[in-house]
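These are the residues of each chain, in order.
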Amino acid sequence: MAMGPEPLPDFASLVRAHQAMVFSIALHYVRDRSSAEELAQDVFLQLHQSMADMQSAEHAARWLRKVAVHRSIDHARRSRYRPQVGLEDAPEPVTPAAPGDPMLSERLRRLVASLPEKPRAVMVLRYQDDLDPEEIAATLGMPVRTVKSHLQRSLAMLREKAGRAFLPAAGRQNLSREMGEVE
Amino acid sequence: MSRLDDALREAFRSQDPGPDFTARVLTAAAGARPKEKGNWWGALGLRWAMAAALACVLLVGGSIEYRREQEERQGLLAKQQLVLALHIAGSKLNHARDRVQQLNAGD
């Protein structure tokens, strides 16, 4: 039996359900908690103004994601955000890193923050919300092949810069081989 | 799934905003006036009322101006008719004077 779209919840329920997603997009994009909270609040206020136009829970979620990304891009343009510490100045960890390591996570976030605005948005949507290239393309209003190209190039850059820095010499070759399978 | 994918997912894991975020948003939203379709219709109704009022003003003004022009045109016509009548009366008087002079000269 085909299920119809979920009915639209009230505004408070939408805030509770999506505040982590909206806030995290802003945080991962602008890399500043207070700016991200402010941005997320503005996104929800805009939703409140537009509640009459929302058709379903899914529509509201897609709308929130799109507005959050575009507002984050606008904010970054206005504030001309650049990483506070140059990538070359970031301290290299002395111990091997693994997923879950806060230093590795921070280094990856810095590397992604150094990307141009569109590839950065693609990476945030891909790895925060686990969206596939088609969904990312719909959110950012760009062709799917452009999204795939951004992903490939960004991952190649990360493989080159983060892969070497965070692995012990013995494990680098193995990880390089594994990372080659990403695409 | 590679280790890089896992590391990226970990790095970009969703995070919750501050604990009072929901309350702040709801308070701010309560203070903001929602954009409702009814307001749009209300604004449209106001625009129509303003347009109707403007049309009335233009109609009344146009009517007054038309009447003034009609009166001016009638006045001009009456003036022309008066000039013509005076002209005819003048020529009649001249004719009568000439006749009187001819009669006097015959005597």
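Only a predicted model underlies this, so the values are computations on that prediction, with no experimental measurement involved.

A. Focus on the overall build of chain A. Of the regular secondary structure elements, chain A holds eight helices and zero strands. Burial status across chain A gives 31% buried among its 183 residues. Residue pairs at least 24 apart in sequence account for 65% of intrachain contacts in chain A once pairs closer than 6 positions are excluded.

B. The arrangement of the overall build of chain B in detail. Broken down by element type, chain B carries three helices and zero strands. The helix and strand sequence of chain B, counted from the amino end, reads α-α-α. A total of 107 residues make up chain B; the buried ones form 9% of that total.

C. Region of interest: the confidence of the model for chain B. All names here are of chain B. Mean pLDDT over chain B: 87, with 89% of residues reaching 70 or higher. The weakest mean pLDDT in chain B belongs to helix α3 (residues 37-106) at 88; the strongest belongs to helix α2 (residues 21-31) at 91. The ipTM, which scores confidence in the relative placement of chains, is 0.75 for this predicted complex, and the corresponding pTM is 0.63.

D. Representation of the nonpolar core. With 44 residues, the main nonpolar core has A:V22, A:A26, A:A40, A:V43, A:A68, A:L108 and A:V124 as its most contacted residues. At the level of elements, α1 (11-30), α2 (33-49), α3 (57-79), α4 (102-113), α5 (117-128) and α7 (144-165) of chain A together with α1 (3-11) and α2 of chain B are the ones that each hand at least two residues to this core. If you tally residues by element for this core, the top one is α1(A), at nine residues. Each of domain 1 (9-81) and domain 2 (88-183) of chain A accounts for three or more of the residues forming this core.

E. Region of interest: α1(B). Within α1(B) the residues assigned to the buried category are B:R3, B:L4, B:A7, B:L8 and B:A11. On an axial view of α1(B), the arc spanned by its buried residues comes to 135°, and they lie on one face.

F. Spatial organisation of unusual backbone geometry. For A:R31, which is not a glycine, the phi torsion comes out positive at approximately 60°. Within the element layout of this structure, A:R31 appears in the loop between α1 and α2.

G. Summary view of the packing of α2(A) against α3(A). Residue and element names in this part refer to chain A. Two elements in contact, α2 and α3, have axes whose closest approach is 10 Å; the angle formed by their N-to-C orientations is 135°. Relative to α3, the element α2 is oriented oblique. The handedness of the crossing between α2 and α3 is right-handed. Judged by residue contacts, S35, L39, D42, V43, Q46 and L47 of α2 engage A60, L64, V67, A68, R71, S72 and H75 from α3. Among the residues making up the contact of α2 with α3, the classes are represented as seven nonpolar, four polar and two charged.

H. Expanded view of the interface of chain B and chain A. Tallying the contact residues gives 28 residues for chain B and 38 residues for chain A. For the side of chain B that touches chain A, the secondary structure elements donating two or more residues are α1 and α2 of chain B. At nine residues, the largest contribution of residues to the side of chain B that touches chain A is made by α1(B). Taken together, the residues of the side of chain B that touches chain A break down into 13 nonpolar, five polar and 10 charged.

I. Local environment of the packing of α3(A) against α5(A). All names here are of chain A. Their axes nearest at 11 Å, the elements α3 and α5 cross at an angle of 140°. Relative to α5, the element α3 is oriented oblique. Read as a crossing pair, α3 and α5 show a hand that is right-handed. The residues of α5 that touch α3, namely those facing V69, I73 and A76, are E117, A121 and L125.

J. Representation of the confidence of the model for chain A within the structure. Residues at a pLDDT of 70 or more form 75% of chain A, whose mean pLDDT is 81. Scored below 50 in pLDDT, residues 83-96 of chain A makes 15 contacts in the model with residues more than four places away or belonging to other chains.

Cut-offs and rules
Residues numbered from 1 in each chain as written. Chains lettered and ligands numbered in written order. Predicted model: local features only at pLDDT ≥ 70, side-chain atom pairs only at ≥ 80, totals over all residues. Helix = DSSP H or I, 4+ residues; strand = E, 2+ residues; numbered from the N terminus. Buried ≥ 20, exposed ≤ 12 C-beta atoms within 10 Å, placed from the backbone. Contact = placed C-beta atoms within 7 Å. pLDDT = per-residue confidence, 0-100. Core = buried A, V, L, I, M, F, W, Y, C linked by C-beta atoms within 7 Å. Domains from an automatic or database assignment. Arc of directions from axis to C-beta. Axes fitted to C-alpha atoms, helices over the stretch in contact; angles between N-to-C directions. Parallel < 35°, antiparallel > 145°, perpendicular 65-115°, else oblique. Left-handed = near helix turned anticlockwise from the far one by under 90°. Nonpolar A, V, L, I, M, F, W, Y, C, P; charged D, E, K, R; others polar.

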